[in-house]
Amino acid sequence: MDAVLRAGAIYIALMVLFRISGRRALGELTSFDFVLLLVIGEATQQALLGDDFSVTNAILVIVTLLTIDIGFSLLKRRSKRIGKFIDGGPTIIVENGTFLRHRMHEARVEEDDIMQAARLGQGVENVEQIKFAIIERNGKISIITR
Amino acid sequence: MLTHDQEMQDRRHPVDEDIALQRRIWRFERVGWYFLVVVVLLTLCGLFSHGLLSSTTVTSAQNDLTVKYERFHRSGGINAMIIHSRGAPGRSHTIILGNTMMVGFSIDSMQPQPVSSAGTDHGLRLTLTGDDHGDSTLYLAWRSDGLGMFQSGISVEGGGQVSINQFIYP
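Residues numbered from 1 in each chain as written. Chains lettered and ligands numbered in written order. Predicted model: local features only at pLDDT ≥ 70, side-chain atom pairs only at ≥ 80, totals over all residues.

What should I look at first to understand the overall build of chain A in this one?
Across its full length, chain A holds seven helices and four strands. Counting from the amino terminus, chain A carries its helices and strands in the arrangement α-α-α-α-α-β-β-α-α-β-β. In terms of C-alpha radius of gyration, chain A reaches 19 Å, well past the compact-globule figure of 15 Å for 146 residues. Taking the principal axes of its C-alpha atoms as reference, chain A extends roughly 60 × 35 × 25 Å. (Helix = DSSP H or I, 4+ residues; strand = E, 2+ residues; numbered from the N terminus. Rg over C-alpha atoms; globule rule 2.2 N^0.38 Å.)

So, in structure tokens, the structure goes:
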């Protein structure tokens, strides 16, 4: 019983915490973000397994995590609204060469982030060349040029 | 530059937006950030063990028993407790650790070892050797096994007693 409760509690806690940290936190990982993720994984491991390092416990924890994950994906398929609440939806932040600054402020995105994504993906030099920049559900910024 | 209201209207192309929901998510992120800050501050204050809110000292009315302990514990964690007790000078005396405490916690280490110990209906009886003034100090490390609130007590046989309220987080 323990294994299921532990895994369930950690899954929900991580989901809420990563939702709070916003999409961008995971979308474009810097090397520091990567190290931070490793540390979070390390901190989580003990809480997931407790004092029981048996193979059975490890398998039970993994099975529980996968079950919850698949359950959520089925729930998201059934209800678009729940899916949007869990994963968010795409958000336009540049429209016809104009930064949508109120949206950028709310989404904690800087001009530099958008221009970096534009240069990396499309070789774009300035914002006038961008028709749309969109923060996707996975946190990446996609660019559509004019 | 577009006004706030113009910006916050749903776009249908190239993606179908739901800005009202997105704004709720952004608000959730902002409130969540404040919540995280509060959690960190409360942790520093000792709400989750070790700190102003958690570390405490209680003394019996007779002044023959003083216990330093943590109010808040985390399941599986180890916390120290220091028990100062006083009996008759040059003689041993007995303290009793309440039953509830023995259910919620297990003793990880005990220094010095008592002269004798016995489990009773009331809890764990430990007989300690006092110094020339009859004072003794017992250092205990408790491992938290239970979950939730534990109201217990420690007493000196034939002397004073203190009540101990502890909470164990999952």
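Is there a simple way to think about the nonpolar core in this case?
Within soluble globular proteins, side chains that are nonpolar generally end up buried alongside one another. All names here are of chain B. One finds Val67, Ile83, Ile95, Ile154 and Ile164 to be the most contacted residues of the largest nonpolar core, which totals 21 residues. For this core, the secondary structure elements donating two or more residues are β2 (65-70), β4 (78-86), β5 (92-98), β8 (123-129), β9 (135-144), β10 (148-156) and β11 (161-169). Setting aside chain neighbours within four positions, we find Ile154 in contact with Leu65, Val67, Ile83, Ile95, Ile96, Leu97, Gly98, Gln161, Val162 and Ile164. (Core = buried A, V, L, I, M, F, W, Y, C linked by C-beta atoms within 7 Å. Buried ≥ 20, exposed ≤ 12 C-beta atoms within 10 Å, placed from the backbone. Contact = placed C-beta atoms within 7 Å.)

Would you take a moment to explain the pairing of strand β7 (residues 116-120) of chain B for this structure?
In summary, the side chains of a regular strand alternate between the two faces of the sheet. Of all five residues that make up β7(B), zero are buried, and the element is exposed over most of its length. In sequence, β7(B) turns back onto β8(B) through a hairpin of two residues. (Pairing = 2+ DSSP bridges.)

What am I meant to see in the interface of chain B and chain A here?
In many analyses, interface size is given as the accessible surface area lost on bringing the parts together. Taken residue by residue, the interface counts 19 residues in chain B and 21 residues in chain A. Sorting the residues of the side of chain B that touches chain A by element identifies α1 (4-7) and α2 (19-45) of chain B as the ones contributing at least two each. A per-class count over the side of chain B that touches chain A returns ten nonpolar, four polar and five charged. (Nonpolar A, V, L, I, M, F, W, Y, C, P; charged D, E, K, R; others polar.)

How do you make sense of the pairing of strand β1 (residues 55-59) of chain B when you look at a structure like this?
All names here are of chain B. Direction of pairing for β1 relative to β2: antiparallel, over a ladder of five bridges. Bridging from a neighbouring strand, Val58 pairs with Val67 of β2. The hairpin formed by β1 and β2 contains five residues between the paired strands, and Asn63 there has a positive phi angle of roughly 65 degrees.

What exactly am I supposed to notice about the sheet that holds strand β3 (residues 130-135) of chain A here?
Consider a sheet: its strands pair through backbone hydrogen bonds, and that pairing is either parallel or antiparallel. Residue and element names in this part refer to chain A. In space, the four strands of this open sheet follow the order β2-β1-β3-β4, with antiparallel pairing throughout. A strand with exactly one partner marks an edge of an open sheet, and here the two such strands are β2 (98-99) and β4 (141-145). The strands touched by helix α7 (residues 111-122) are β1 (91-95), β2, β3 and β4; relative to β4, the strand with the most contacts, the crossing angle is about 65 degrees. (Axes fitted to C-alpha atoms, helices over the stretch in contact; angles between N-to-C directions.)

Help me understand helix α4 (residues 55-78) of chain A, please; the structure alone is not making it clear to me.
Spacing of three or four residues puts side chains on the same side of an α-helix, whose turn is 3.6 residues. For α4(A), with 24 residues, the first-to-last C-alpha span of 34 Å sits near the 34 Å given by 1.5 Å per residue. Among the 24 residues in α4(A), one count as buried, and that is only a small part of the element. (Expected span 1.5 Å × (residues − 1).)

Even after reading the chapter, I still don't get the domain arrangement of chain B, so can you show me in this structure?
In terms of domains, chain B is made up of domain 1 (5-45) and domain 2 (55-169). Put simply, the middle of domain 1 of chain B and the middle of domain 2 of chain B, counted by C-alpha atoms, are 49 Å apart. (Domains from an automatic or database assignment.)

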